[in-house]
Amino acid sequence: MYAQGLIGADGASDESEEFLAAFQARIDAEEKIEPNDAMPEGYRKTLTRQIAQHAHSEIVGMLPEGNWITRAPTLRRKAALLAKVQDEGGHGLYLYAAAETLGVSREQMTEELLCGKAKYSSIFNYPTPTWADIGTIGWLVDGAAIMNQIPLCRCSFGPYARAMIRVCKEESFHHRQGYEIVMTLAQGTPEQKQMAQDSLDRWWWPSLMMFGPSDSDSVHSEQSMTWKIKRFSNDDLRQKFIDATIPQAEYLGLKVPDPDMRFNEETGHHEHGEIDWDEFWRVVKGGGKMNRDRIADRKKAWDDGAWVREAALAHAEKRRARQEATLEAAE
């Protein structure tokens, strides 16, 4: 998932009170923390886990959508979906690069993902049986991602914040693309509209889970907000998403699968029913419906691409050797 608060913070630290106070003063002054700056180990660990998990979700998110490129209904849809999948690969690259500045290698992060050692959960571990799911992912999943990620553009860690600026611009395109697909279906034949409704039924609750556990169960959220890694609580972001999305569903003539959903005129917010947190934690622990298949597909892609990585490294080594030989000859 893209959830900013899913993993939590690691507040354990051996630094002195003076060091921690000085670091917090920089955070409170809205200074960006850069990779070579001194930082609490808990801050470093929290960012490493969060950014790595975010990168994993972007990479795994390519799989269900990439599976639909050749089956998209028109050439225009194929080209747009191909562009989106390429964007997601780029997002993963930006984020892995940001995490590497914290001292963890891309190989290590990949190994943790493929071997199941990563504290990782993805909404993309749900199936996409119809074309409508691709539209709904853009509308709901990318819409929720934008709610999560725009505040990350102001994250206190510089490389993460800068990467998120470009990611959010591209996610906005993905969101519009998805909404346009769902709108086309909703305005089509009765069968097409039902396809859109069925997809909404499948993705509504997982989309709400993307924001992470409720604030009462997010025990480390306060520390992440103190460090300004995150700017809003999980429940606050979830509420913003619901309030923005319900009017869109009503315009499309679709109904969210929540019989308890109602608008509270006093608060100005939509109140939702109880989220199935048992399902949430099951997915977090690797029990998503497509978890095993998605990881197997990703492992196959990694293994199949080994020769490309080896060839690139060999070419880089030969180029370095030639450059050194040229310099020695010049001397």
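Figured I'd write up the structure that's included with this text. (Residues numbered from 1 in each chain as written. Predicted model: local features only at pLDDT ≥ 70, side-chain atom pairs only at ≥ 80, totals over all residues. Heavy atoms only, no water.)

Some points on the packing of aromatic side chains
Throughout the structure, instances matching the rule amount to nine aromatic pairs. Arranged with centres 6.1 Å apart and planes meeting at 55 degrees, the rings of W68 and W131 form a pair that is tilted. One end of the pair, W68, is in the loop between α2 (41-66) and α3 (75-100); the other, W131, is in helix α5 (residues 131-149), with 63 residues separating them in the sequence. Judged by its relative accessible area of 10%, W131 falls in the buried class. An angle of 45 degrees between the planes, with centres 5.5 Å apart, marks the rings of F211 and F241 as tilted. Of this pair, F211 sits in the loop between α7 (190-209) and α8 (221-226) while F241 is found in helix α9 (residues 234-252), placing the two residues 30 residues apart along the sequence. We note that F211, like F241, is buried. One aromatic cluster is present, formed by F23, Y43 and W227 through successive ring pairs. Note that R71 overlies the ring of W68, its terminal NZ or CZ placed 3.8 Å from the centroid. One Lys or Arg, R309, reaches over the ring of W302 and ends 3.6 Å from the middle of that ring. (Phe/Tyr/Trp six-rings, centres within 6.5 Å; stacked < 30°, edge-to-face > 60°. Helix = DSSP H or I, 4+ residues; strand = E, 2+ residues; numbered from the N terminus. Buried < 20%, exposed > 50% of the residue type's maximum accessible area, 1.4 Å probe, protein only. Lys NZ or Arg CZ within 6 Å of the ring centre and 35° of its normal.)

Observations concerning the nonpolar core
In terms of nonpolar packing, the biggest core is built from 73 residues, with Y43, L47, I51, W139, F157, Y160 and W204 touching the most fellow members. Among the elements that make up this core, the one with the highest residue count is helix α6 (residues 158-186) (ten residues). Not counting residues up to four positions away in its chain, the partners in contact with F157 are I33, E34, P35, M39, Y43, L47, I51, A98, T101 and L102. (Core = buried A, V, L, I, M, F, W, Y, C linked by side-chain atoms within 4.5 Å. Contact = heavy atoms within 4.5 Å.)

Quick look at the layout of surface pockets
Which parts of space are left empty comes out when a probe the size of a water molecule is rolled across the atoms. Empty space within the largest pocket amounts to approximately 350 Å³. Y96, R106, T110, R298 and W302 are the residues nearest the centre of the largest pocket, which is lined by 14 residues in total. Of all the elements in the fold, those that place two or more residues in the lining of the largest pocket are α3, α4 (106-114) and α11 (291-304). Each residue belonging to the lining of the largest pocket can be placed in one class, and the counts come to six nonpolar, four polar and four charged. (1 Å grid on protein atoms, 1.4 Å probe; cavity = no way out; pocket = protein on both sides within 12 Å on 5 of 7 lines; lining within 4 Å. Points joined across faces, edges and corners; volume = space filled by probe spheres on them. Nonpolar A, V, L, I, M, F, W, Y, C, P; charged D, E, K, R; others polar.)

Here's the deal with the pattern of salt bridges
Applying the stated criterion across every chain yields a total of 19 salt bridges. For the salt bridge of R262 with E271, the shortest nitrogen-to-oxygen distance reads 2.9 Å. In this structure R262 comes out as partly exposed when scored by relative accessible area, which is 46%. Classification of E271 by relative accessible area gives partly exposed; the value is 30%. Of the charged contacts in the structure, one is a salt bridge between K299 and D303, with a shortest N-O distance of 3.1 Å. (Salt bridge = Lys/Arg side-chain N within 4 Å of Asp/Glu carboxyl O.)

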